[in-house]
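An overview of the molecular structure
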Amino acid sequence: NTTKLVLRDGGRVDASTFASGLAGSVTINASSSVEVSGTVPGSVNPSLIISSANILDEFLQQLLELPALPTGNSGSVSIETPLLKVTDGAQVTVKNDGTANAGTLQINAESIFLNNEANISASTKSGQGGDIKLNLQDSLIMRRNSVINAESLGTGNGGNITINSPVILGLENSDIIANALQGNGGNINITTQGIFSLEFRDRLTPDSDIAASSQFGVNGTVEINNLRIDPRSAIVSLPPELAD
């Protein structure tokens, strides 16, 4: 619980498991903003808000007598803040690199801004892809190869993505995907008044796409509820008398 949370240069808030136990959950309430940006200097390791099941290197596995693959489920990540900014390769994620399932990632905010390979994800290697729920009062802006991702890269089904946002803008090859490899693609449900640049496709392209496909299973579904405003609803009869 804080006014402002800033994670930079590889900083992380992390609740993870490396074996059969369940990963913990992360809950962040920031009354001003949450900013996650950058990577460890000289490294590809990103700044993170994460609940996960991770695979440690072989030396640590032997030292700590850990299994080669974790079997515990990931926990959840919940963020409530007016503004969430994820930039420059940073990630907000629930993921499972073992055999179990990813958790749920829920964000309640006024706006989310993703820029320069930023990532909001709920992915798995073998289990069920996690769910992503974004409830926004203002806008979702994605730029420069940023991704919202609920993929399964193994036998599980892709996760589900639910986005409620008045305005959604995706530019410069930024994607919303719920794909799967051997399982079924996930479901994407978007409710908005205006969605710009992002297009529904059965495969990813160099453009900004929305996709819920499966390489070997059944494709998922994409449903977009576009709540366009009818300008006629604001037309009223004006009195003929002149006002003083």
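See the structure printed just above.
Summarised in this report is the structure supplied together with it. None of these values were measured; they are calculated from a predicted model. (Residues numbered from 1 in each chain as written. Predicted model: local features only at pLDDT ≥ 70, side-chain atom pairs only at ≥ 80, totals over all residues. Heavy atoms only, no water.)

1. Remarks on a nonpolar patch on the surface
Nonpolar side chains collect at one region of the surface, where F59, L63 and L64 lie side by side and expose about 350 Å² of accessible area between them. In this fold, L64 is placed in the loop between α1 (58–63) and β5 (77–87). (Patch = residues over 30% accessible without salt bridge, like charges linked within 9 Å, V, L, I, M, F, W, Y side chains within 5 Å. Areas by Shrake-Rupley, 256 points an atom, 1.4 Å probe, with all protein chains shown as cover. Salt bridge = Lys/Arg side-chain N within 4 Å of Asp/Glu carboxyl O. Helix = DSSP H or I, 4+ residues; strand = E, 2+ residues; numbered from the N terminus.)

2. A closer look at the pairing of strand β8 (residues 119–124)
Where burial is concerned, most of β8 is hidden: six out of the six residues are buried. Where burial is concerned, the two faces of β8 agree: the one with N119, S121 and S123 and the one with I120, A122 and T124 are both buried. Relative to β8, strand β6 (residues 91–96) runs parallel, the two sharing six bridges. By the bridge assignment for β8, Q91 is matched with N119. By the bridge criterion, three bridges tie β8 to strand β10 (residues 147–149) in an arrangement that is parallel. Bridging from a neighbouring strand, S121 pairs with N149 of β10. (Buried < 20%, exposed > 50% of the residue type's maximum accessible area, 1.4 Å probe, protein only. Pairing = 2+ DSSP bridges.)

3. What to know about the side chain of T81
The topology assignment puts T81 in strand β5. Looking at T81, the relative accessible area reads 4%, which means it is buried. Within the local environment of T81, its side chain forms a polar contact with the backbone oxygen of A30, the two atoms lying 2.9 Å apart. With near-sequence residues (within four places) excluded, T81 lies in contact with A30, S32, S33, V34, N108, A109 and E110. (Polar contact = N/O pair within 3.5 Å; in protein donor to acceptor, adjacent residues only side chain to side chain. Contact = heavy atoms within 4.5 Å.)

4. So, the pairing of strand β3 (residues 26–37)
Sheet topology note: the strand β1 (residues 2–8)/β3 ladder contains six bridges and is parallel. In the strand pairing of β3, K4 is matched with S33. Of the pairings in the sheet, the one linking β3 to β5 comprises eight bridges and is parallel in character. Bridge pairing in β5 places S37 opposite T87.

5. Thoughts on the nonpolar core
Counting residues in hydrophobic clusters, the biggest one holds 41 residues, and the most contacted among them are I49, I120, I148 and I176. Not counting residues within four places of it along the chain, the set of residues in contact with I49 comprises L5, L7, V13, V26, I28, V34, V36, V77, I79, Q91, V92 and T93. (Core = buried A, V, L, I, M, F, W, Y, C linked by side-chain atoms within 4.5 Å.)

6. Some points on the environment of A90
Relative to the elements of secondary structure, A90 occurs in the loop between β5 and β6. In this structure, the C-alpha to C-alpha distance between A90 and N116, residues 26 residues apart in sequence, is 8.9 Å. When neighbours within four sequence positions are excluded, A90 is seen to be in contact with V36, S37, G38, P46, S47, E117, A118 and N119.

7. Some words on the pattern of salt bridges
On inspection of all chains with the given rule, the structure shows four salt bridges. Salt-bridge contacts for R8 lead to E35; the nearest nitrogen and oxygen are separated by 3.3 Å. One end of the pair, R8, is in strand β1; the other, E35, is in strand β3, with 27 residues separating them in the sequence. Looking at E35, the relative accessible area reads 16%, which means it is buried. Across the salt bridge formed by K95 and D97, the nearest N and O atoms sit 3.5 Å from each other. Classification of K95 as partly exposed rests on a relative accessible area of 24%.

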